[in-house]
Amino acid sequence: MTPFSMAAAEGIEPVAVARELAARLTPPTEGEALGFLYVSDALARRLPELLATLREATGVTHWTGTVGIALCCTGREIYDRPAAVAMLGSFPPGSARILPPMTENDDALTALLADWDAQDPARFALLHGDPSHGTTPAIIRHLGEHTQIFGVGGIASSQGDYLSVADEVVQGAVSGVLFAESVPVATAHTQGCTPIGPVHRITAASNNVLIQLDGRPALDVFEEDIGEVLARDLQRAGGFIVAGLPVPGSDTRDYLVRNLVAVDTGQRLVAIGENVREGDEILFCRRDGNAALEDLKRMLADLKRRAPNGARGAVYVSCLGRGRHQFGDDSQELRIIAEELGDIPLVGFFANGEIFHNRLYGYTGVLTLFL
(Lines give C-alpha, C1' and ligand atoms only; values in the text may rest on other atoms or scores of the structure.)
Protein backbone atom coordinates (compact mmCIF):
# COMPACT_ATOMS: atom_id res chain seq x y z
CA MET A 1 0.00 0.00 0.00
CA THR A 2 1.18 3.52 -0.81
CA PRO A 3 2.24 6.17 1.74
CA PHE A 4 -0.39 8.59 3.01
CA SER A 5 -0.40 12.26 2.00
CA MET A 6 -0.76 15.17 4.44
CA ALA A 7 -1.52 18.88 4.17
CA ALA A 8 -2.07 21.88 6.45
CA ALA A 9 -3.73 25.19 5.63
CA GLU A 10 -4.65 28.35 7.50
CA GLY A 11 -7.39 30.90 6.96
CA ILE A 12 -10.86 31.93 8.05
CA GLU A 13 -12.65 31.10 4.77
CA PRO A 14 -13.49 27.37 4.79
CA VAL A 15 -13.77 26.97 1.02
CA ALA A 16 -10.32 28.49 0.49
CA VAL A 17 -8.85 26.34 3.26
CA ALA A 18 -10.40 23.18 1.80
CA ARG A 19 -9.14 23.94 -1.69
CA GLU A 20 -5.64 24.59 -0.40
CA LEU A 21 -5.69 21.27 1.45
CA ALA A 22 -6.99 19.43 -1.62
CA ALA A 23 -4.30 20.93 -3.82
CA ARG A 24 -1.62 19.51 -1.53
CA LEU A 25 -3.19 16.08 -1.01
CA THR A 26 -2.75 13.06 -3.28
CA PRO A 27 -5.82 10.78 -3.37
CA PRO A 28 -4.72 7.13 -3.33
CA THR A 29 -4.98 5.12 -6.54
CA GLU A 30 -5.33 1.72 -4.88
CA GLY A 31 -7.53 0.30 -2.12
CA GLU A 32 -10.23 2.38 -0.47
CA ALA A 33 -9.50 5.97 0.52
CA LEU A 34 -10.07 7.36 4.02
CA GLY A 35 -9.56 10.98 5.00
CA PHE A 36 -8.52 12.30 8.42
CA LEU A 37 -9.50 15.91 9.15
CA TYR A 38 -8.80 18.06 12.22
CA VAL A 39 -9.81 21.73 12.36
CA SER A 40 -9.18 24.46 14.90
CA ASP A 41 -12.20 25.59 16.88
CA ALA A 42 -12.20 28.94 15.05
CA LEU A 43 -13.45 27.01 12.00
CA ALA A 44 -15.85 24.71 13.87
CA ARG A 45 -19.06 26.41 12.77
CA ARG A 46 -17.90 26.37 9.14
CA LEU A 47 -16.84 22.72 9.30
CA PRO A 48 -19.78 21.41 7.18
CA GLU A 49 -18.82 23.78 4.36
CA LEU A 50 -15.14 22.92 4.63
CA LEU A 51 -15.81 19.16 4.63
CA ALA A 52 -18.18 19.35 1.65
CA THR A 53 -15.64 21.30 -0.40
CA LEU A 54 -12.82 18.96 0.58
CA ARG A 55 -14.89 15.89 -0.33
CA GLU A 56 -15.77 17.33 -3.73
CA ALA A 57 -12.22 18.50 -4.50
CA THR A 58 -10.52 15.22 -3.54
CA GLY A 59 -13.20 12.74 -4.56
CA VAL A 60 -12.74 11.01 -1.18
CA THR A 61 -16.08 10.06 0.40
CA HIS A 62 -15.15 8.77 3.84
CA TRP A 63 -13.74 11.10 6.51
CA THR A 64 -13.09 11.04 10.24
CA GLY A 65 -11.84 13.76 12.60
CA THR A 66 -12.80 16.41 15.14
CA VAL A 67 -12.20 19.94 16.47
CA GLY A 68 -9.22 21.05 18.55
CA ILE A 69 -8.06 24.27 20.18
CA ALA A 70 -4.64 23.45 18.69
CA LEU A 71 -3.59 21.09 15.90
CA CYS A 72 -0.71 18.74 15.10
CA CYS A 73 0.95 17.94 11.79
CA THR A 74 4.35 16.64 10.75
CA GLY A 75 6.94 18.53 12.80
CA ARG A 76 4.56 21.38 13.65
CA GLU A 77 2.03 22.55 16.26
CA ILE A 78 -0.60 25.11 15.19
CA TYR A 79 -1.95 27.47 17.87
CA ASP A 80 -4.09 30.59 18.04
CA ARG A 81 -5.22 30.72 14.41
CA PRO A 82 -7.94 29.25 12.18
CA ALA A 83 -6.44 26.20 10.50
CA ALA A 84 -7.06 22.66 9.34
CA VAL A 85 -4.87 19.59 8.81
CA ALA A 86 -5.86 16.67 6.61
CA MET A 87 -4.42 13.31 5.60
CA LEU A 88 -5.46 10.76 2.99
CA GLY A 89 -4.68 7.06 3.26
CA SER A 90 -5.58 3.85 1.47
CA PHE A 91 -6.81 0.64 3.06
CA PRO A 92 -7.85 -2.82 1.85
CA PRO A 93 -11.48 -2.82 0.64
CA GLY A 94 -13.91 -3.09 3.55
CA SER A 95 -11.19 -2.86 6.23
CA ALA A 96 -11.96 0.69 7.43
CA ARG A 97 -15.54 1.63 8.26
CA ILE A 98 -16.92 4.81 9.79
CA LEU A 99 -18.49 4.47 13.25
CA PRO A 100 -21.60 6.72 13.48
CA PRO A 101 -22.03 8.85 16.61
CA MET A 102 -23.08 7.04 19.76
CA THR A 103 -24.82 9.20 22.36
CA GLU A 104 -26.97 7.26 24.81
CA ASN A 105 -25.89 3.68 23.97
CA ASP A 106 -23.68 1.67 21.68
CA ASP A 107 -26.38 0.52 19.23
CA ALA A 108 -24.43 1.98 16.30
CA LEU A 109 -21.37 -0.03 17.27
CA THR A 110 -23.41 -3.21 17.73
CA ALA A 111 -25.00 -2.81 14.30
CA LEU A 112 -21.65 -2.14 12.64
CA LEU A 113 -20.01 -5.17 14.23
CA ALA A 114 -22.95 -7.41 13.33
CA ASP A 115 -22.38 -6.53 9.69
CA TRP A 116 -18.62 -7.00 9.84
CA ASP A 117 -16.78 -9.69 7.87
CA ALA A 118 -16.00 -12.45 10.37
CA GLN A 119 -12.96 -13.47 8.32
CA ASP A 120 -11.35 -10.09 8.99
CA PRO A 121 -12.83 -8.84 12.27
CA ALA A 122 -12.66 -5.31 13.63
CA ARG A 123 -9.69 -5.00 15.98
CA PHE A 124 -8.76 -1.31 16.23
CA ALA A 125 -10.64 1.99 16.53
CA LEU A 126 -9.73 5.65 16.22
CA LEU A 127 -12.27 7.46 18.40
CA HIS A 128 -13.34 11.07 18.89
CA GLY A 129 -15.37 12.04 21.95
CA ASP A 130 -17.57 14.95 22.99
CA PRO A 131 -16.76 16.25 26.51
CA SER A 132 -20.25 17.75 26.88
CA HIS A 133 -21.92 14.31 26.79
CA GLY A 134 -21.99 12.56 30.15
CA THR A 135 -22.10 9.14 28.49
CA THR A 136 -18.74 9.58 26.72
CA PRO A 137 -16.56 7.81 29.36
CA ALA A 138 -19.03 4.93 29.72
CA ILE A 139 -19.20 4.27 25.98
CA ILE A 140 -15.41 4.28 25.69
CA ARG A 141 -15.17 1.94 28.66
CA HIS A 142 -17.83 -0.35 27.19
CA LEU A 143 -15.73 -0.78 24.07
CA GLY A 144 -13.00 -2.40 26.15
CA GLU A 145 -15.25 -4.45 28.39
CA HIS A 146 -17.53 -5.94 25.73
CA THR A 147 -15.52 -6.08 22.50
CA GLN A 148 -12.04 -7.11 21.40
CA ILE A 149 -11.42 -3.70 19.85
CA PHE A 150 -8.44 -1.61 20.96
CA GLY A 151 -9.59 2.01 20.99
CA VAL A 152 -7.38 5.11 20.83
CA GLY A 153 -8.11 8.77 20.10
CA GLY A 154 -9.12 11.87 21.98
CA ILE A 155 -11.82 14.17 23.32
CA ALA A 156 -12.61 17.29 21.28
CA SER A 157 -11.33 20.60 22.64
CA SER A 158 -13.02 23.85 21.75
CA GLN A 159 -14.07 27.24 23.06
CA GLY A 160 -17.29 26.76 21.10
CA ASP A 161 -18.95 23.78 19.45
CA TYR A 162 -17.76 20.22 20.02
CA LEU A 163 -18.07 18.75 16.55
CA SER A 164 -16.67 15.61 14.99
CA VAL A 165 -16.53 14.11 11.51
CA ALA A 166 -17.98 10.67 10.79
CA ASP A 167 -18.51 10.98 7.02
CA GLU A 168 -20.63 14.02 7.92
CA VAL A 169 -20.31 16.65 10.63
CA VAL A 170 -21.86 15.10 13.75
CA GLN A 171 -22.45 15.62 17.45
CA GLY A 172 -22.57 12.74 19.90
CA ALA A 173 -20.67 11.17 22.73
CA VAL A 174 -18.31 9.03 20.61
CA SER A 175 -17.73 8.48 16.90
CA GLY A 176 -14.78 7.47 14.76
CA VAL A 177 -13.59 4.71 12.46
CA LEU A 178 -13.08 0.97 12.97
CA PHE A 179 -10.24 -0.94 11.34
CA ALA A 180 -10.08 -4.64 10.55
CA GLU A 181 -7.38 -7.02 11.67
CA SER A 182 -5.81 -6.78 8.19
CA VAL A 183 -4.84 -3.13 8.86
CA PRO A 184 -1.41 -3.19 10.56
CA VAL A 185 -0.89 -0.52 13.22
CA ALA A 186 1.54 0.23 16.01
CA THR A 187 0.30 2.47 18.81
CA ALA A 188 1.64 3.66 22.16
CA HIS A 189 1.14 6.39 24.74
CA THR A 190 3.47 8.57 26.76
CA GLN A 191 2.87 10.09 30.19
CA GLY A 192 3.62 13.67 31.19
CA CYS A 193 3.83 13.21 34.96
CA THR A 194 6.10 11.65 37.59
CA PRO A 195 4.90 9.93 40.79
CA ILE A 196 6.07 11.78 43.90
CA GLY A 197 5.00 9.35 46.60
CA PRO A 198 3.95 5.76 47.23
CA VAL A 199 0.73 4.13 46.15
CA HIS A 200 -1.98 4.56 48.79
CA ARG A 201 -5.14 2.60 49.52
CA ILE A 202 -8.37 4.60 49.65
CA THR A 203 -9.96 3.59 52.95
CA ALA A 204 -12.84 6.09 52.95
CA ALA A 205 -14.36 8.07 50.08
CA SER A 206 -17.58 9.61 48.82
CA ASN A 207 -17.96 9.99 45.05
CA ASN A 208 -14.88 12.02 44.02
CA VAL A 209 -13.90 13.05 47.55
CA LEU A 210 -10.99 11.31 49.27
CA ILE A 211 -11.74 11.09 52.98
CA GLN A 212 -9.05 8.69 54.20
CA LEU A 213 -5.92 7.19 52.64
CA ASP A 214 -4.28 4.26 54.43
CA GLY A 215 -6.60 4.96 57.37
CA ARG A 216 -5.41 8.57 57.74
CA PRO A 217 -7.03 11.88 56.75
CA ALA A 218 -6.56 12.28 53.00
CA LEU A 219 -5.18 15.81 53.15
CA ASP A 220 -2.59 14.78 55.75
CA VAL A 221 -1.27 12.11 53.38
CA PHE A 222 -1.37 14.49 50.42
CA GLU A 223 0.63 17.18 52.24
CA GLU A 224 3.16 14.61 53.38
CA ASP A 225 3.70 13.43 49.79
CA ILE A 226 4.07 16.87 48.21
CA GLY A 227 6.42 18.19 50.88
CA GLU A 228 6.40 20.99 53.43
CA VAL A 229 7.01 23.87 50.98
CA LEU A 230 4.09 23.08 48.68
CA ALA A 231 1.87 22.11 51.62
CA ARG A 232 2.08 25.74 52.77
CA ASP A 233 0.57 26.89 49.44
CA LEU A 234 -2.04 24.36 48.37
CA GLN A 235 -3.44 26.66 45.68
CA ARG A 236 -0.05 26.67 43.96
CA ALA A 237 0.25 22.90 44.36
CA GLY A 238 -3.00 22.45 42.46
CA GLY A 239 -1.34 23.95 39.40
CA PHE A 240 1.01 21.05 38.80
CA ILE A 241 0.19 18.24 41.26
CA VAL A 242 -2.34 15.66 40.03
CA ALA A 243 -3.80 12.37 41.19
CA GLY A 244 -2.83 9.09 39.54
CA LEU A 245 -5.18 6.09 39.52
CA PRO A 246 -3.19 2.89 38.87
CA VAL A 247 -4.54 0.69 36.06
CA PRO A 248 -5.39 -2.73 37.54
CA GLY A 249 -3.27 -5.53 36.10
CA SER A 250 -0.86 -3.22 34.28
CA ASP A 251 2.65 -4.66 34.03
CA THR A 252 4.07 -1.21 33.19
CA ARG A 253 2.77 0.58 36.31
CA ASP A 254 0.42 2.58 34.12
CA TYR A 255 -1.95 5.08 35.75
CA LEU A 256 -4.74 7.44 34.76
CA VAL A 257 -4.15 11.09 35.63
CA ARG A 258 -6.96 13.15 37.14
CA ASN A 259 -6.84 16.80 38.22
CA LEU A 260 -7.22 17.94 41.81
CA VAL A 261 -10.55 19.72 42.19
CA ALA A 262 -10.51 21.06 45.74
CA VAL A 263 -9.20 20.58 49.27
CA ASP A 264 -10.97 21.09 52.59
CA THR A 265 -8.42 22.08 55.20
CA GLY A 266 -10.98 21.89 57.99
CA GLN A 267 -12.19 18.35 57.37
CA ARG A 268 -8.86 17.32 55.75
CA LEU A 269 -10.46 16.17 52.48
CA VAL A 270 -9.16 16.09 48.89
CA ALA A 271 -11.46 16.09 45.84
CA ILE A 272 -10.27 14.84 42.43
CA GLY A 273 -11.78 14.75 38.95
CA GLU A 274 -12.99 11.14 39.13
CA ASN A 275 -15.33 9.11 41.31
CA VAL A 276 -13.48 6.56 43.43
CA ARG A 277 -14.36 3.73 45.80
CA GLU A 278 -13.01 2.38 49.03
CA GLY A 279 -10.31 -0.16 48.26
CA ASP A 280 -9.07 1.64 45.13
CA GLU A 281 -5.43 2.70 44.87
CA ILE A 282 -4.14 6.22 44.28
CA LEU A 283 -0.85 8.08 44.12
CA PHE A 284 0.06 11.71 43.64
CA CYS A 285 2.12 12.91 40.69
CA ARG A 286 3.93 16.02 39.53
CA ARG A 287 3.67 17.44 36.02
CA ASP A 288 7.28 17.27 34.91
CA GLY A 289 8.66 18.59 31.61
CA ASN A 290 11.94 16.69 31.83
CA ALA A 291 10.25 13.42 32.67
CA ALA A 292 7.72 14.01 29.88
CA LEU A 293 10.54 14.52 27.37
CA GLU A 294 12.31 11.37 28.53
CA ASP A 295 9.12 9.32 28.33
CA LEU A 296 8.26 10.72 24.88
CA LYS A 297 11.62 9.53 23.58
CA ARG A 298 11.08 6.15 25.26
CA MET A 299 7.75 5.77 23.46
CA LEU A 300 9.24 6.76 20.11
CA ALA A 301 12.10 4.27 20.51
CA ASP A 302 9.56 1.55 21.26
CA LEU A 303 7.53 2.41 18.15
CA LYS A 304 10.66 2.47 15.97
CA ARG A 305 11.45 -1.03 17.21
CA ARG A 306 7.93 -2.22 16.44
CA ALA A 307 7.85 -0.54 13.03
CA PRO A 308 11.32 -1.19 11.55
CA ASN A 309 10.15 -0.41 8.01
CA GLY A 310 8.63 2.93 8.97
CA ALA A 311 5.01 4.02 8.66
CA ARG A 312 2.73 5.15 5.84
CA GLY A 313 1.03 7.71 8.06
CA ALA A 314 0.32 8.62 11.67
CA VAL A 315 -2.24 10.23 13.99
CA TYR A 316 -1.09 11.96 17.18
CA VAL A 317 -3.39 13.08 19.99
CA SER A 318 -1.73 15.14 22.71
CA CYS A 319 -3.10 16.77 25.83
CA LEU A 320 -3.81 20.50 25.93
CA GLY A 321 -1.47 20.62 28.93
CA ARG A 322 1.45 19.32 26.84
CA GLY A 323 2.81 20.97 23.69
CA ARG A 324 4.07 24.50 24.28
CA HIS A 325 2.99 24.38 27.94
CA GLN A 326 5.29 21.47 28.77
CA PHE A 327 7.93 21.30 26.02
CA GLY A 328 8.29 24.97 25.10
CA ASP A 329 7.57 26.94 21.96
CA ASP A 330 8.71 26.20 18.40
CA SER A 331 6.63 23.00 18.10
CA GLN A 332 9.15 21.07 20.18
CA GLU A 333 6.90 18.07 20.91
CA LEU A 334 6.06 17.46 17.24
CA ARG A 335 9.61 18.25 16.11
CA ILE A 336 10.93 15.51 18.41
CA ILE A 337 8.49 13.02 16.88
CA ALA A 338 9.63 13.98 13.37
CA GLU A 339 13.30 13.78 14.35
CA GLU A 340 12.88 10.30 15.80
CA LEU A 341 10.48 8.76 13.27
CA GLY A 342 11.29 10.71 10.12
CA ASP A 343 9.19 12.89 7.87
CA ILE A 344 6.10 10.66 7.84
CA PRO A 345 2.66 12.19 7.13
CA LEU A 346 1.08 12.95 10.52
CA VAL A 347 -2.04 14.80 11.65
CA GLY A 348 -3.79 15.20 14.99
CA PHE A 349 -4.92 17.63 17.66
CA PHE A 350 -4.53 18.73 21.26
CA ALA A 351 -7.34 17.14 23.25
CA ASN A 352 -9.47 17.55 26.36
CA GLY A 353 -8.55 13.97 27.27
CA GLU A 354 -6.75 11.18 25.47
CA ILE A 355 -8.03 7.67 24.72
CA PHE A 356 -5.72 4.67 24.88
CA HIS A 357 -6.75 1.03 25.23
CA ASN A 358 -10.34 2.17 25.84
CA ARG A 359 -9.42 4.34 28.82
CA LEU A 360 -9.50 8.10 29.28
CA TYR A 361 -6.14 9.63 30.17
CA GLY A 362 -4.85 13.11 30.93
CA TYR A 363 -1.49 14.78 30.22
CA THR A 364 -0.60 12.02 27.76
CA GLY A 365 0.30 11.74 24.10
CA VAL A 366 -1.14 8.89 22.01
CA LEU A 367 0.63 8.08 18.75
CA THR A 368 -0.71 5.61 16.16
CA LEU A 369 1.32 4.50 13.16
CA PHE A 370 -0.32 2.94 10.11
CA LEU A 371 2.22 0.45 8.74
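These numbers come from a predicted model, not from an experiment. (Residues numbered from 1 in each chain as written. Predicted model: local features only at pLDDT ≥ 70, side-chain atom pairs only at ≥ 80, totals over all residues. Heavy atoms only, no water.)

**Student:** What am I meant to see in the nonpolar core here?
**Tutor:** Counting residues in hydrophobic clusters, the biggest one holds 54 residues, and the most contacted among them are Phe36, Tyr38, Phe179, Leu210, Phe222, Ile272 and Val315. No other element matches the 5 residues that helix H5 (residues 218-226) contributes to this core. If you look at the next biggest cluster of nonpolar residues, it comprises 24 residues, including Ala292, Ala311, Tyr316 and Ile344. (Core = buried A, V, L, I, M, F, W, Y, C linked by side-chain atoms within 4.5 Å. Buried < 20%, exposed > 50% of the residue type's maximum accessible area, 1.4 Å probe, protein only. Helix = DSSP H or I, 4+ residues; strand = E, 2+ residues; numbered from the N terminus.)

**Student:** Sorry, what's going on with the packing of helix H1 (residues 14-24) against helix H2 (residues 47-58) here?
**Tutor:** Axes are the key here: two packed helices are described by the angle between their axes and the distance separating the axes. At a closest axis distance of 8 Å, the pairing of H1 and H2 adopts a crossing angle of 35 degrees. The interaxial crossing formed by H1 with H2 has right-handed handedness. Where H1 abuts H2, its residues Pro14, Val15, Val17, Ala18, Arg19, Leu21 and Ala22 lie against Glu49, Leu50, Thr53, Leu54, Ala57 and Thr58. Here the contact of H1 with H2 is built from residues that sort into 9 nonpolar, 2 polar and 2 charged. (Axes fitted to C-alpha atoms, helices over the stretch in contact; angles between N-to-C directions. Left-handed = near helix turned anticlockwise from the far one by under 90°. Contact = heavy atoms within 4.5 Å. Nonpolar A, V, L, I, M, F, W, Y, C, P; charged D, E, K, R; others polar.)

**Student:** In this structure, what is going on with the sheet that holds strand E23 (residues 346-351)? I would like to understand it.
**Tutor:** Strands in a sheet are paired, the pairing made by backbone hydrogen bonds, and the direction either parallel or antiparallel. Here 6 strands make up an open sheet; going across it, the order is E5-E4-E23-E22-E26-E13 and the pairing mixed. Looking at the sheet topology across the chains shown, the edges are occupied by strand E5 (76-78) and strand E13 (185-191). For this sheet, the mean inter-axis angle between neighbouring strands, taken without regard to orientation, is 15 degrees. Both strand E22 (residues 313-319) and E23 contribute to a ladder of 6 bridges, which runs parallel. Along E23, the bridge assignment pairs Val317 with Phe349. Strand contacts of helix H8 (residues 289-306): E13, E22 and strand E26 (364-370), with the helix running at about 165 degrees to E13, the strand carrying the most contacts. (Pairing = 2+ DSSP bridges.)

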